[in-house]
Amino acid sequence: DAGVIQSPRHEVTEMGQEVTLRCKPISGHDYLFWYRQTMMRGLELLIYFNNNVPIDDSGMPEDRFSAKMPNASFSTLKIQPSEPRDSAVYFCATQTSGSYEQYFGPGTRLTVT
Amino acid sequence: AQSVAQPEDQVNVAEGNPLTVKCTYSVSGNPYLFWYVQYPNRGLQFLLKYITGDNLVKGSYGFEAEFNKSQTSFHLKKPSALVSDSALYFCAVRDNNYGQNFVFGPGTRLSVLP
């Protein structure tokens, strides 16, 4: 298995633009998590899905952030409009319900200027 | 609410010496505890976990950790450090009363000096 796949790996955009981050989970993993990592705040859980259904989105910072999982093979995290304070590394991680181990993707480094 | 503390931002150790990376936690229920490692420009990689059973758990790359309920600690250890162990280490906790929500500590940067 190729592991968790995230795209793009790097994104540079201007303030006010829409940004879409993508994640392809490991096949058979029924949990999917979106995290944000910054120097100031460390690793924060934004939202997680179980069987494509959002379970807890209490970590989503504000209405500018939205996440979807239309099927078991794909998830997106969208920021609209983007702001410089959104600059961070965004990780997708997946897990099976019978395990407690999360598998992380390589991350997307977002820079908003 | 659940929380994790890693009291040291940085740990330096000479190659071949034992290493310890500290972690303490706070949960309302029974803790599930984890250690992850992050190398530069990479995602986090799972090292080991404590769910139940023996307090000493062994994981990948020769690492182990000891669960101490009375001290609410889960320190990561390795008998003999390698230069290649240099990385950022994260402790994480999941309270089994809070679904799949993991809380990660701030991370400890380990530097193993040759």
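**Regarding the side chain of Ser73(B)**
Part 1 of the argument: When you line up the elements, Ser73(B) lands in strand S9 (residues 73-78).
Part 2 of the argument: Discounting chain neighbours no more than four positions away, the residues touching Ser73(B) are Cys23(B), Thr24(B), Tyr25(B), Glu66(B), Phe67(B) and Asn68(B).

**Observations concerning the interface of chain B and chain A**
When the parts of a complex come together, some accessible area is lost, and that lost area is often used as the size of the interface.
Part 1 of the argument: With 18 residues of chain B at the contact, the number on the chain A side is 18 residues.
Part 2 of the argument: Approximately 1600 Å² of surface area, both sides summed, lies buried where chain B meets chain A, with 54% of it carried by carbon and sulfur atoms.
Part 3 of the argument: Between the two partners, chain B and chain A, sit 1 salt bridge.
Part 4 of the argument: One salt bridge connects Lys49(B) with Glu101(A), and the closest N-O pair in it is separated by 3.1 Å.

**A few points about the layout of surface pockets**
Part 1 of the argument: Its volume calculated, the largest pocket comes out at about 650 Å³.
Part 2 of the argument: Around the largest pocket sit 27 residues that line it, and Gln37(A), Met39(A), Gln38(B), Leu88(B) and Arg109(B) are the ones nearest its centre.
Part 3 of the argument: For the lining of the largest pocket, the elements supplying multiple residues, two or more each, are strand S4 (31-38), strand S9 (88-95) and strand S11 (108-112) of chain A together with strand S10 (87-95) of chain B.
Part 4 of the argument: Class assignment for the residues of the lining of the largest pocket results in 12 nonpolar, 9 polar and 6 charged.
Part 5 of the argument: Every residue lining the second largest pocket is counted, 14 residues in all, and those nearest its centre are Tyr103(A), Phe104(A), Leu44(B), Gln45(B) and Phe46(B).
Part 6 of the argument: If you list the elements that add at least two residues to the lining of the second largest pocket, you get strand S10 (103-104) of chain A together with strand S6 (44-50) of chain B.

**Points about the packing of aromatic side chains**
Part 1 of the argument: Under the definition given, this model contains 17 aromatic pairs over all chains.
Part 2 of the argument: Their ring planes at 85° and their centres at 6.1 Å tell us that Phe104(A) and Phe104(B) sit as a pair that is edge-to-face. With Phe104(A) in strand S10 and Phe104(B) in strand S11 (residues 102-104), the pair connects residues from two separate chains. Take Phe104(A) and Phe104(B): they sit in the same class, and that class is buried.
Part 3 of the argument: An aromatic cluster of three or more residues is present, and its members are Tyr31(A), Phe33(A), Tyr35(A), Tyr48(A), Phe91(A), Phe104(A), Phe34(B), Tyr36(B), Phe46(B), Phe102(B) and Phe104(B).

Cut-offs and rules
- Residues numbered from 1 in each chain as written.
- Chains lettered and ligands numbered in written order.
- Predicted model: local features only at pLDDT ≥ 70, side-chain atom pairs only at ≥ 80, totals over all residues.
- Heavy atoms only, no water.
- Helix = DSSP H or I, 4+ residues; strand = E, 2+ residues; numbered from the N terminus.
- Contact = heavy atoms within 4.5 Å.
- Buried area = accessible area lost by both parts, 1.4 Å probe.
- Salt bridge = Lys/Arg side-chain N within 4 Å of Asp/Glu carboxyl O.
- 1 Å grid on protein atoms, 1.4 Å probe; cavity = no way out; pocket = protein on both sides within 12 Å on 5 of 7 lines; lining within 4 Å.
- Points joined across faces, edges and corners; volume = space filled by probe spheres on them.
- Nonpolar A, V, L, I, M, F, W, Y, C, P; charged D, E, K, R; others polar.
- Phe/Tyr/Trp six-rings, centres within 6.5 Å; stacked < 30°, edge-to-face > 60°.
- Buried < 20%, exposed > 50% of the residue type's maximum accessible area, 1.4 Å probe, protein only.

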